[in-house]
Amino acid sequence: MKNSIYIIAEIGNSHEGSVGLAKKFIETVKECGANAVKLQTHLFEFESIKDAPKPYYFVDESRETYFNRTSFDLIQWKELRDYSKSLGLDFISSPFSIQAFDLLEKVEIDAYKIASGEITNLPLIEKISLSGKKIFISSGMSNTKEIEMAVSILEKNKSNFILMQCTSMYPCPAEKSGLNILSEWITKYGKNRVGFSDHTQEIGIALAAVSLGATCLEKHFTLSKKMYGSDAKFSLEPKEFSQMVNQIRDIEKALHFKVDKDHIAKELNDMKKTFEKSLVYLKKLEPGHTIVNEDIGYKKPGTGLPPKDLIKIIGGVLKKEVNIDQQIDYNDFE
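Conventions used here
- Residues numbered from 1 in each chain as written.
- Predicted model: local features only at pLDDT ≥ 70, side-chain atom pairs only at ≥ 80, totals over all residues.
- Heavy atoms only, no water.
- Helix = DSSP H or I, 4+ residues; strand = E, 2+ residues; numbered from the N terminus.
- Rg over C-alpha atoms; globule rule 2.2 N^0.38 Å.
- Buried < 20%, exposed > 50% of the residue type's maximum accessible area, 1.4 Å probe, protein only.
- Contact = heavy atoms within 4.5 Å.
- Areas by Shrake-Rupley, 256 points an atom, 1.4 Å probe, with all protein chains shown as cover.
- Patch = residues over 30% accessible without salt bridge, like charges linked within 9 Å, V, L, I, M, F, W, Y side chains within 5 Å.
- Salt bridge = Lys/Arg side-chain N within 4 Å of Asp/Glu carboxyl O.
- 1 Å grid on protein atoms, 1.4 Å probe; cavity = no way out; pocket = protein on both sides within 12 Å on 5 of 7 lines; lining within 4 Å.
- Points joined across faces, edges and corners; volume = space filled by probe spheres on them.
- Nonpolar A, V, L, I, M, F, W, Y, C, P; charged D, E, K, R; others polar.
- Right-handed = clockwise from strand over helix to strand, strands pointing away.
- Pairing = 2+ DSSP bridges.
- Axes fitted to C-alpha atoms, helices over the stretch in contact; angles between N-to-C directions.
- Parallel < 35°, antiparallel > 145°, perpendicular 65-115°, else oblique.
- Left-handed = near helix turned anticlockwise from the far one by under 90°.

### Things to note about the overall build of the protein
Then step 1. Within the protein, the secondary structure is distributed over 13 helices and 10 strands.
Then step 2. Relative to a compact globule of 334 residues, whose C-alpha radius of gyration would be 20 Å, the protein shows 31 Å and is clearly more extended.
Then step 3. Within the protein, buried positions represent 44% of all 334 residues.
Then step 4. A separation of at least 24 residues holds for 64% of the contacts in the protein among residues at least 6 apart in sequence.
Then step 5. Summed over its atoms, the accessible surface of the protein is roughly 16,900 Å², and 53% of this surface lies on carbon and sulfur atoms.

Below, the structure is given as structure tokens:
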């Protein structure tokens, strides 16, 4: 069976602007079994004014300093793309400006992610929608009207997109994850158009999303929760990410393969004999004895008459001597 759930490992800017560290992330993502690795493309001068309010986690440096420090140039981006492709991983990034999109077009990435904060940036969405690339669009901080406006552009331009349910809280409480939205969107947009970007700290909600029909799953990934940056402590380490991927693959198998109870019962026939019970005599009885309830018990193995046949035995008259724990046979009776 071919894997159908598309799993994206989001490493964001956790690479700290180091090509070597980014490659280590990518290599480990491959080992963990993901389908794709996702980064972010920030060009500060085109993305933000200098005195824009910064998130709470930018404590030691400004947003401008951080983005400039962790940015890659065109040659570095291509090197990372080539390394990902050599490992069989799709290479995805989120552009946070039209200029970042233009850069990624030169990189020739495999797919685009429209970040939660860009869903109202309709000029950017228009550009991405015409790229011909697959598009993952996050809904993390958007209302229904904003989502529908963005999706309408993608539909108008016949883009290949997946709408990702997401709640932009770090970490996201289970009760705010919005699993209910998946079924609503599957009905509205179609099963192959709905995914889930998980910001909870464990893997249970991600597994539930897959079971409910999400065809794509994105999860933050880090080499260590102790690394610097905004995302590391809310991300999965390699062992956790591998566990999630393995369990998703098991869920895929369980959903794909249909079990026929009658057929599986035949496969388990030997186990049935081992664990089920048969009718047995609880005492030594002589010929001519009329069987009553107190004469009969139910004991393993299930190789004799089943307990459901009790009613057929009560009142029967023995034609021969029987012993304790002897399985009952119809040939014991007159």
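### Section: a nonpolar patch on the surface
Then step 1. A cluster of nonpolar side chains, Leu 268, Met 271 and Phe 275, forms an exposed patch at the surface whose accessible area comes to about 320 Å².
Then step 2. Inspection of the secondary structure assignment puts Phe 275 in helix α12 (residues 269-275).
Then step 3. Look at Phe 275 and you get exposed, because its relative accessible area is 53%.

### Some words on empty space enclosed by the protein
Then step 1. Inspection of the entire model under this criterion finds 1 cavity of 30 Å³ or more.
Then step 2. What the largest cavity holds in volume is close to 60 Å³.
Then step 3. Every residue lining the largest cavity is listed: Asn 13, His 15, Gln 40, Thr 41, His 42, Leu 43, Phe 67, Thr 70, Ser 71, Phe 72 and Trp 77.
Then step 4. Every element with two or more residues in the lining of the largest cavity is listed here: β2 (36-41) and α3 (63-70).
Then step 5. Here the residues of the lining of the largest cavity are counted per class, giving 4 nonpolar, 7 polar and no charged.

### Topic: the environment of Leu 318
Then step 1. Assignment of secondary structure puts Leu 318 in the segment after α13 (310-313).
Then step 2. Using a relative accessible area of 0% as the deciding quantity, one classes Leu 318 as buried.
Then step 3. Spatially, the C-alpha atom of Leu 318 lies 34 Å from that of Ala 265, the residues being 53 residues apart in sequence.

### So, the pairing of strand β6 (residues 161-165)
Then step 1. Counted residue by residue, β6 has 5 buried out of 5 residues, so it is predominantly covered.
Then step 2. The alternating pattern of β6 places Phe 161, Leu 163 and Gln 165 on one face and Ile 162 and Met 164 on the opposite face, and all of these are buried.
Then step 3. Remark: the strand β5 (residues 134-138)/helix α7 (residues 144-156)/β6 crossover connection has right-handed handedness.
Then step 4. Of the pairings in the sheet, the one linking β6 to strand β7 (residues 194-198) comprises 3 bridges and is parallel in character. Looking at β7, one finds that Gln 165 is bridged to Phe 196.
Then step 5. Regarding topology, helix α8 (residues 179-189) serves as the crossover connection from β6 to the parallel β7, and that connection is right-handed.

### Some points on the packing of helix α9 (residues 204-211) against helix α10 (residues 238-256)
Then step 1. In the contact formed by α9 and α10, the axes pass within 10 Å of each other and the chain directions differ by 25 degrees. Considered as vectors, α9 and α10 are oriented roughly parallel to each other. Crossing of α9 over α10 shows right-handed handedness. Here α9 contributes Ala 206, Leu 207, Val 210 and Ser 211 to the contact with α10, which in turn contributes Met 244, Gln 247, Ile 248, Ile 251 and Leu 255.
Then step 2. Split into classes, the residues belonging to the contact of α9 with α10 amount to 7 nonpolar, 2 polar and no charged.

### Notes on the sheet that holds β5
Then step 1. Strand order in the closed barrel made by the 8 strands is β1-β2-β3-β4-β5-β6-β7-β8, with parallel pairing throughout. With direction set aside, neighbouring strand axes in the sheet form an average angle of 25 degrees.
Then step 2. With 4 bridges joining them, strand β4 (residues 111-114) and β5 adopt parallel strand pairing. Counted as the bridge partner of Lys 113 is Phe 136 from β5.
Then step 3. Across the sheet, helix α4 (residues 74-86) touches β2 and β3 (90-95), and the angle it forms with β3 is around 145 degrees.

### Section: the pattern of salt bridges
Then step 1. Scanning all chains against the criterion turns up 23 salt bridges.
Then step 2. With a shortest N-O distance of 2.6 Å, Asp 82 and Arg 81 are connected by a salt bridge.
Then step 3. By relative accessible area, Asp 82 is classed as partly exposed at 41%.
Then step 4. Note that Glu 252 and Arg 249 form a salt bridge whose closest N and O atoms lie 2.9 Å from each other. Of this pair, Glu 252 and Arg 249 both sit in helix α10, 3 residues apart, roughly one helical turn.

### Topic: the side chain of Thr 215
Then step 1. If you trace the backbone, Thr 215 turns up in the loop between α9 and β8 (216-220).
Then step 2. Relative accessible area serves as the criterion here: at 12%, Thr 215 is assigned to the buried category.

### Re the layout of surface pockets
Then step 1. One number sums up the size of the second largest pocket: a volume of about 400 Å³.
Then step 2. In terms of lining, the second largest pocket is formed by 20 residues, of which the most central are Asn 3, Ser 4, Ile 5, Tyr 6 and Thr 215.
Then step 3. Of all the elements in the fold, those that place two or more residues in the lining of the second largest pocket are α9 and α10.
Then step 4. Among the elements that line the lining of the second largest pocket, the one with the most residues is α10, at 3 residues.
Then step 5. Looking at the lining of the second largest pocket, its residues break down into 7 nonpolar, 7 polar and 6 charged.

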